[in-house]
Amino acid sequence: MSRRTSRPRRPAAGAQTPKVTAGSPCPCGLPATYGDCCGRLHSGSAAARTCEALMRSRYTAFVVQDAAYLLRTWHPDTRPPAVEFDPGMRWVRLEILDTTEGSAFHTTGTVTFRAHYMDHGRADSLHEHSRFVRHQGAWVYATAVFVD
């Protein structure tokens, strides 16, 4: 996901991001706690084994507002200088629609997904086809095409 803002917005009433703890259900949608799922990748104690796992962890990084993880998992050729989070946006659900390649035996892969969010109280979604590549042995986000 490449969503970022050009300037900070004022927070909308009630738009606070819920606190995600190690024992919370993982926002990526898999049946595990954050600490046992994407939290391991965010802390650096584990690496994404597939491009889908990286996509899920990057979505979760948007949920928990982990800019350092997003930048660390972005290909250096396409990485922005910073990631800014819109305080009026709250990510609420991820749907993985399709994947191609992206396993331990591949060097590239794609993930098509729909990420649902609330933007200043209005429901919306981001439909994206993301491309991932291996860089220095690790999966990284390279580019995306917005589908809708």
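It should be noted that the structure appears before, not after, this text.
Bear in mind the structure is a predicted one, so any value in this text is a computation, not a measurement.

Novice: Give me the lowdown on the layout of surface pockets, citing residues and values where you can.
Specialist: In this model, the largest pocket occupies a volume close to 240 Å³. Lining the largest pocket are 16 residues, and of these R72, T73, A138, W139 and V140 sit closest to its centre. Only α3 (67–72) and β4 (138–146) provide two or more residues apiece to the lining of the largest pocket. The element that contributes the greatest number of residues to the lining of the largest pocket is β4, accounting for three residues. Considering only residue class, the lining of the largest pocket consists of 10 nonpolar, four polar and two charged. In this model, the second largest pocket occupies a volume close to 180 Å³. In terms of lining residues, the second largest pocket is bounded by 14 residues, among which C37, R40, L41, A48 and A53 are the most central. Of all elements in the fold, only α1 (38–43) and α2 (51–64) reach the threshold of two or more residues within the lining of the second largest pocket. Per-class residue counts for the lining of the second largest pocket are nine nonpolar, one polar and four charged.

Novice: Could you give an account of the sheet that holds β4, with specific residues and numbers?
Specialist: What the four strands build is an open sheet, ordered β1-β2-β3-β4; its pairing is antiparallel. Of all strands in the sheet, those bounded by a partner on one side alone are β1 (89–101) and β4. Across the sheet, the axes of successive neighbouring strands diverge by a mean angle of 30 degrees, strand direction being ignored.

Novice: Kindly report on the nonpolar core, identifying the contributing residues and their values.
Specialist: Of all hydrophobic cores here, the largest spans 32 residues; its most connected members are M55, Y59, W91, F113 and F132. Those elements that provide at least two residues to this core are α1, α2, α3, β1, β2 (108–119), β3 (122–135) and β4. With seven residues, α2 is the largest single contributor of residues to this core.

Novice: Please give an account of the side chain of S57 that cites residues and values.
Specialist: Turning to its location among the elements, S57 is positioned in helix α2. Using a relative accessible area of 0% as the deciding quantity, one classes S57 as buried. One polar contact links S57 to Y69, side chain to side chain, over a distance of 2.6 Å. Excluding anything up to four places from it in sequence, S57 contacts C38, L41, H42 and Y69.

Cut-offs and rules
Every chain's residues receive numbers from 1 upward, in the order its sequence appears when written. Two thresholds apply to this predicted model, a pLDDT of at least 70 for residue-level local features and 80 or more for giving and counting side-chain atom pairs, whereas whole-chain, interface and lining totals are computed over all residues. Side-chain metrics in this entry use all non-hydrogen atoms of the structure; hydrogen atoms and water are not considered. Cavity and pocket criteria rest on a 1 Å grid covering protein atoms alone: a 1.4 Å probe that fits but cannot get out defines a cavity, protein on both sides within 12 Å along at least 5 of 7 lines defines an open pocket, and an atom within 4 Å of a point defines a lining residue. Grid points are joined across faces, edges and corners, and a volume is the space filled by probe spheres set on the points. Strands here mean DSSP runs of E at least two residues long; helices mean DSSP runs of H or I at least four residues long; both are numbered from the N terminus. The residue classification treats Ala, Val, Leu, Ile, Met, Phe, Trp, Tyr, Cys and Pro as nonpolar and Asp, Glu, Lys and Arg as charged. All others, Gly included, are polar. Any two strands with at least two DSSP bridges between them are considered paired. Note on method: axes are straight lines fitted to C-alpha atoms, helices fitted across the in-contact stretch only, with angles between N-to-C directions ranging 0 to 180 degrees. Buried residues of nine kinds, namely Ala, Val, Leu, Ile, Met, Phe, Trp, Tyr and Cys, make up a nonpolar core once their side-chain atoms join them within 4.5 Å. Summary of the burial criterion: residues with accessible area below 20% of their type's maximum are buried, those above 50% are exposed, and those between are partly exposed, where the area comes from a 1.4 Å probe applied to protein chains only. As used in this structure description, the phrase polar contact means that two N or O atoms lie within 3.5 Å; if the pair is within protein, one of them must be able to donate a hydrogen and the other to accept it, and residues adjacent in sequence are counted only when both atoms belong to side chains. Residues are treated as being in contact if the distance between any of their heavy atoms lies within 4.5 Å.

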